Amino acid sequence: MRHFGYIPSATRAGLFHREPAAFTADSPARTLAVALGATLYSPATRPRLADDVRKQAARGVVSMVLCLEDSISDADVEAGEDNLVRQFADLAAGTVTDADPATDPAAELPLLFIRVRDPHQITDLVARLGETVRLLSGFVLPKFTEARGQAFLDALLHAEQTSGRRLFAMPVLESPDLLHLETRAETLAGIAAITDKYRDRVLALRLGVTDFCSAYGLRRSPDMTAYDVKIVAHVIADVVNVLGRSDGTGFTVTGPVWEYFRPGERMFKPQLRRSPFLEGRAEDLRTALIEHDLDGLLREIELDRANGLLGKTCIHPTHVVPVHALSVVSHEEWSDAQDILRPEQDGGGVLRSAYTNKMNEVKPHRAWAERTLLRAEVFGVAKEDIGFVDLLTAGLAG
């Protein structure tokens, strides 16, 4: 797998100062946690799920969740499980095992995760998948708390031992106990304790903002980001505070889902400035993004990163390219990070940015620089004159 690997090589060469590196499902967890990018959810009941997975892989999706929980009805769970077993067999039969993923982006499937409802589904599904479990990267664990999480993680370890396959957990933080002020601190402390205990198997933590809103009968409009809903923004801040620290105790925390993908009546002015879109046909792109309510998504992605989140839960393929385009490290960010991490700067100090527009303070900015260079490894570094509009345009053109 390689981000933007579906774009022709000549086009990539014109976009990137350093192109995204290739990775596989067997890459180190630290790499995979950053590389998740736009994680596309799909109901496990889709009759042509294997074809959908292949199609999305060819379009640049590198992580998918096949959902047995909220996206399907209670009555369809058994059918969804049966369908997953059939679809994994289909995927395994069509997987190209001798292709080079560095030159053939369609040769490998995305990282595949199954979102379960109950712990027993983990061991049951792994047993039923048989040898096709080699295509599975792990499980998404819903409504995760310390009390609920123990059984899920024990089941994961058991399934891993019986299958011989490394399996990761991605807990979803969405329980009312996390949202409610009087129980939040205790709940966060419990989640921190159990995820630390199973640190080598927790790939990333996901935020269930839709469930947060549900607890208060709220739903944000396409004109609003999650950060405009203050009760949600406060929970995100507390989750990052406790679980997203850069001192070695934290985890990758992914951004909340963006629910909108079709045009609707707009109440507020578009959030995309015209100036980045003034060249060539970029104004047409701006218009298309606004018409499909994706200007709000772009703003939320930027706010995700500013608030310590990386990657995003996605429920529609049109969301994938914007998430990935805004995950590419700019040449300016890369330059600053390189300067901060030079060996001769180990003693600290203050540097003027090579772009002569900011101060780089070596010790306080070190964690940011390390995180930036890891993102640069999997998403690449844009050329000096390349902005997110160029990356969006190229990504949408394929």
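Residues numbered from 1 in each chain as written. Predicted model: local features only at pLDDT ≥ 70, side-chain atom pairs only at ≥ 80, totals over all residues. Heavy atoms only, no water.

1. Considerations on the overall build of the protein
Turning to step 1, where the next piece is worked out: Of the regular secondary structure elements, the protein holds 16 helices and twelve strands.
Turning to step 2, where the next piece is worked out: Looking at the 398 residues of the protein, the share that counts as buried comes to 52%.
Turning to step 3, where the next piece is worked out: Partitioning the intrachain contacts of the protein with sequence separation of at least 6 by distance along the chain shows that 77% fall at a separation of at least 24.
Turning to step 4, where the next piece is worked out: About 17600 Å² of surface is accessible on the protein, with carbon and sulfur atoms providing 51% of the total. (Helix = DSSP H or I, 4+ residues; strand = E, 2+ residues; numbered from the N terminus. Buried < 20%, exposed > 50% of the residue type's maximum accessible area, 1.4 Å probe, protein only. Contact = heavy atoms within 4.5 Å. Areas by Shrake-Rupley, 256 points an atom, 1.4 Å probe, with all protein chains shown as cover.)

2. Some details on the environment of Val-202
Turning to step 1, where the next piece is worked out: With respect to the helices and strands, Val-202 occurs in the loop between α8 (181-197) and β7 (205-207).
Turning to step 2, where the next piece is worked out: The class of Val-202 is buried, set by a relative accessible area of 7%.
Turning to step 3, where the next piece is worked out: Ignoring sequence-local partners within four residues, the contact set of Val-202 consists of Ala-169, Pro-171, Thr-195 and Phe-251.

3. What about the nonpolar core?
Turning to step 1, where the next piece is worked out: If you look at the biggest cluster of nonpolar residues, it comprises 107 residues, and the most contacted ones within it are Ile-114 and Phe-139.
Turning to step 2, where the next piece is worked out: In terms of residues, this core owes the most to one element, helix α10 (residues 230-243), which gives six residues. (Core = buried A, V, L, I, M, F, W, Y, C linked by side-chain atoms within 4.5 Å.)

4. A closer look at the packing of aromatic side chains
Turning to step 1, where the next piece is worked out: The full count for this structure, using the stated rule, is two aromatic pairs.
Turning to step 2, where the next piece is worked out: Aromatic pair Phe-4 and Phe-16: ring centres 5.5 Å apart, planes at 55°, arrangement tilted. Highlighted residues: Phe-4 in the segment before α1 (9-15) and Phe-16 in strand β1 (residues 16-18), separated in sequence by twelve residues. With respect to class, Phe-4 is no different from Phe-16; both count as buried.
Turning to step 3, where the next piece is worked out: Ring plane angle 65° and centroid distance 6.1 Å describe the contact between Trp-258 and Tyr-260, whose orientation is recorded as edge-to-face.
Turning to step 4, where the next piece is worked out: Overall, Trp-258 belongs to the buried group, its relative accessible area being 1%.
Turning to step 5, where the next piece is worked out: Assessed through its relative accessible area of 18%, Tyr-260 is described here as buried. (Phe/Tyr/Trp six-rings, centres within 6.5 Å; stacked < 30°, edge-to-face > 60°.)

5. Brief notes about the confidence of the model for the protein
Turning to step 1, where the next piece is worked out: For the protein, mean pLDDT is 89; residues scoring 70 or higher make up 89% of the total.
Turning to step 2, where the next piece is worked out: This stretch, residues 96-106, has a pLDDT under 50; its non-local contacts, to residues over four places away or in other chains, come to nine contacts.
Turning to step 3, where the next piece is worked out: Scored below 50 in pLDDT, residues 263-270 makes 14 contacts in the model with residues more than four places away or belonging to other chains. (pLDDT = per-residue confidence, 0-100.)

6. Describing the side chain of Glu-69
Turning to step 1, where the next piece is worked out: Here Glu-69 is to be found in the loop between β3 (63-67) and α4 (77-94).
Turning to step 2, where the next piece is worked out: Separated by 2.5 Å, the side chains of Glu-69 and Arg-115 make a polar contact.
Turning to step 3, where the next piece is worked out: Within the structure, Glu-69 has its side chain in polar contact with the side chain of Lys-143 (distance 2.8 Å).
Turning to step 4, where the next piece is worked out: Residues in contact with Glu-69, not counting those within four places in the same chain, are Arg-115, Val-116, Arg-117, Pro-142, Lys-143 and Glu-174. (Polar contact = N/O pair within 3.5 Å; in protein donor to acceptor, adjacent residues only side chain to side chain.)

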